[in-house]
Amino acid sequence: MLQTIRENSQGIIAKVIVGLIVLTFALWGVESLVSLTNKEPAPAEVNGEDITKQELFQGMELQRRQLLAQMGENADPSAIDENMLRQMVIEGLISRRVMLQSAKDMGFHLSDQMVDQIIVSTPQFQVDGKFDRDQYEAVLRSAGFTPLMYRDLIRKEKLIQQAQAGYMLSEFTTSEELERLISLDRQVRDLAYVTLEADSAAIDIDEQELQAAYDKQASALVTEEQVAVDYVLLDRVALAKPDEVSESEIKAAYQQMIAGFKSEEQRSARHILIDINSERDADAALARAQELRQEIEGGADFAELAKSESADLGSAQEGGDLGFNARGVFVEPFEEALFQLKPGEVSEPVRTEFGYHLIKLDSIKATEAPTLAEAENDLRDQVAQDKAELDYVAALERLSDLAFSSNDLKAVSEELGLKIRSSGLFSRAGGSDLVSSSQKAIEAAFSDQVLNDQLNSDPIELDSGRTLVLHLREHKEPRQLSFDEVRDRIESEARAEKAAAQLAEQADSWLAALREGKQLADLDADKAWQEAVAVDRGDQSVPAAVLREAFAMPRPEGETPRYSSVALGDGSRVIVALKGVTDGSTELSDEERKALSTMIANQRGQQIYQMHAEELRQRAEVEIN
């Protein structure tokens, strides 16, 4: 048998198979064969196409960065709900994928040359107005992209934009439609209104009505599930002990600082700014700057000219003095000119986004390394922080081990010297203390591990320097609220509901009477109309709800007003009398008419494309894993 196998292995078929195996190993590694039988499904599939884990990861990272940027300096990464973020990103990727598939089906195409042109003309990738590969790659790295990934992204986005533009550019507005829209937009209306109010406190509510209202919503009248936890907090800041830093450690840190110190040149300069404005174009500004330079060369005092001529109000009164500055402070053209000057020299006019500058270099100095005495306090803090970071990492590892192996927080507290603290009761909606304000801590507190198994939680990283472990202390199940507990709330709601019903009934009665020709004084002698004449759609002197209702009402017939009513947010109700409608002027210049027509067509095209995208999403065969 062995001989048979040996003989067959020399055949051409066997050699081809072995060759394919070797090629697979070489290109994709051993895991490529192992994964054939253990392939993890893609996060989602859209019409037979996979949305890859890489796409999901990139999308989540990009969205996470945007959220943290919106949070500002005190951004808390733990406040981001990862499950919600994942769901949101996947839905976005699915929508983009169906739109991309549709664009390809419609035959849209983007050549490699067009992609190249888009990239080289992107301002963020340029230095001095020209494409710079180093800048290009640096920007991509900071955003988490490789050049190939970015090219693919550009291609996909532009294909979708082409399809969208096809819908937008296919729409148009007829002249009659434009005239009508302009007239409606500029239309003004004459109206009057009167407010009806009910005193909810005077509404009679008996106990039977309250009981009936309670029984009707009893299933929703329950408390929230709540927990209270004990926890220990490992805080890196608390581990820093500057007082325990030795003199030898400070000296060693100082020597290291001196070894890495680089003297930086600083330059003291003055400048005169000739700005470009509505009264002076770029050529005139340049000419004036050249005139001033000639005056300076002829002996005029630079500082005095700066006071009278410079448009930089911040420095003009100081004779244009900018003080000592190193590189990286000024805009690039200004900086390059400044660092080419010798003391006492005045530059040629330098153009920046602010206008034209004349720059005079007064003096140059080099920064010097601080003495040990000057740097001691900062070095002491830095050494303490560095030691705290090492202690924190070691304590974090031990915290994880102890939390896993212990049934409570006692061993963790004793070994790591961490105080056991307690939170108040909080629900899944969270609260304002250290634990309940962290979404990660809330999820851990209500997890099976903590809530049902009553084990310690895994370490929960609140931020880069704080980690906690929590343990269940108290658990309150949801319970039915009794009638007495919610009686006041139910009574208030019932009174408001009954008052609204009475107001609606009164309004209907008044409307019927007014439409029959009765006057407001016949209904209530103390009431008077509030008049509003020639109001447009943006008028702010009339309540917004009243204005919307007035512009939704049909035109009055002759001198007879139209009547309607509308409820306001405060529980009151308003009777509206529409007395007249005046259509707006349709006079526009040809340029204004063309711009408005284009805008309306584009808006309609966007709406139609959005409906198209929503229909594509509904029809798509989507599987989310």
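Residues numbered from 1 in each chain as written. Predicted model: local features only at pLDDT ≥ 70, side-chain atom pairs only at ≥ 80, totals over all residues. Heavy atoms only, no water.

## A few points about the environment of Gln439
Selection criterion: Under the DSSP-based scheme used, a helix requires at least four consecutive residues in state H or I and a strand at least two consecutive residues in state E, with every element numbered from the N terminus. The rule is simple: take the accessible area with a 1.4 Å probe, protein chains only, and divide by the maximum for that residue type; under 20% is buried, over 50% is exposed, in between is partly exposed.
Here Gln439 lies in helix α19 (residues 439-445). A residue is classified by how much of its surface remains accessible, and Gln439, at 25% relative accessible area, is partly exposed. For Gln439 and Asp185, which are 254 residues apart along the polypeptide, the C-alpha to C-alpha distance reads 47 Å.

## Some details on the confidence of the model for the protein
Counted only if it meets this: Per-residue confidence from the predictor is reported as pLDDT, a score between 0 and 100. Contact criterion: two residues are considered in contact whenever any of their non-hydrogen atoms come within 4.5 Å of each other.
Averaged over all residues, the pLDDT of the protein equals 86, while 92% of them reach at least 70. Confidence drops under pLDDT 50 across residues 1-38; counting only partners more than four residues distant or on other chains, this segment forms nine contacts.

## Details of the side chain of Ser427
By the element assignment, Ser427 lies in the loop between β11 (421-422) and α19. Note on Ser427: relative accessible area 7%, which makes it buried. Once residues within four sequence positions are removed from consideration, Ser427 is found in contact with Glu224, Glu225, Gln226, Ile442 and Phe446.

## Here's the deal with the packing of aromatic side chains
Basically, it comes down to this: Two rings belonging to Phe, Tyr or Trp (six-membered ring only in the last case) form a pair when the distance between their centres is within 6.5 Å. Interplanar angles under 30 degrees mark stacking, angles over 60 mark edge-to-face geometry, and anything in between is tilted. Consider the ring centre and the ring normal. A charge sits over the ring if Lys NZ or Arg CZ is within 6 Å of that centre and within 35 degrees of that normal.
For the structure shown, the criterion picks out nine aromatic pairs. Ring plane angle 85 degrees and centroid distance 5.6 Å describe the contact between Phe125 and Tyr150, whose orientation is recorded as edge-to-face. Taken together, the residues Phe125 in the loop between α6 (112-120) and β3 (126-127) and Tyr150 in helix α8 (residues 147-170) connect sequence positions 25 residues apart. We classify Tyr150 as buried; its relative accessible area is 14%. Seen in terms of ring centroids, Phe131 and Tyr136 are 5.5 Å apart; in terms of plane orientation they differ by 55 degrees. Their pairing is tilted. Its relative accessible area of 4% is what places Tyr136 among the buried residues. Among the aromatic residues, ring-to-ring pairing joins Phe125, Phe131, Tyr136 and Tyr150 into one connected group. Lying over the aromatic face of Phe339, Arg327 brings its terminal NZ or CZ to 4.3 Å of the ring centre. Its guanidinium or amino end placed over the ring of Phe324, Lys365 lies 4.4 Å from that ring's centre, counting from NZ or CZ.

## Side note on the pattern of salt bridges
Close approach of charged atoms allows side chains of opposite charge to pair. Put simply, the rule is: A pairing counts as a salt bridge when a side-chain nitrogen of Lys or Arg comes within 4 Å of a carboxyl oxygen of Asp or Glu.
If you walk through the whole model with that rule in mind, you get 41 salt bridges. The closest approach of N and O atoms between Glu157 and Arg96, which form a salt bridge, is 2.6 Å. One end of the pair, Glu157, is in helix α8; the other, Arg96, is in helix α5 (residues 82-105), and 61 residues separate them in sequence. A relative accessible area of 26% places Glu157 in the partly exposed class. Among the salt bridges present, the one from Arg619 reaches Glu615, with a minimum N-O distance of 3.5 Å. Remark: Glu615 and Arg619 occur in helix α24 (residues 590-619); sequence separation between them is four residues, near one turn of the helix. Arg619 gets classed as exposed once you look at its relative accessible area, which sits at 59%. Glu615 gets classed as partly exposed once you look at its relative accessible area, which sits at 40%. Salt bridges sharing common partners tie together Glu49, Glu55, Arg97, Asp152 and Lys156.

## Re the sheet that holds strand β9 (residues 350-352)
Each strand in a sheet pairs with another by means of backbone hydrogen bonds, the pair being arranged parallel or else antiparallel. Condition: For two strands to pair, DSSP has to find at least two bridges joining them. Fitted lines through C-alpha atoms give the axes, limited to the stretch in contact for helices. The angle between two N-to-C directions lies from 0 to 180 degrees.
Strand order in the open sheet formed by four strands is β8-β7-β10-β9, with antiparallel pairing between adjacent strands. Across the chains shown, the open sheet's two edge strands, defined by having one partner strand only, are β8 (321-325) and β9. Across the sheet, the mean angle from the axis of one strand to that of its neighbour is 40 degrees, orientation sign disregarded. Its contacts with the sheet place helix α13 (residues 282-297) against β7 (265-275), β9 and β10 (355-366), and it is angled at close to 45 degrees to β10. Across the sheet, helix α14 (residues 302-309) is in contact with β7 and β10; its angle to β7 comes to roughly 45 degrees.

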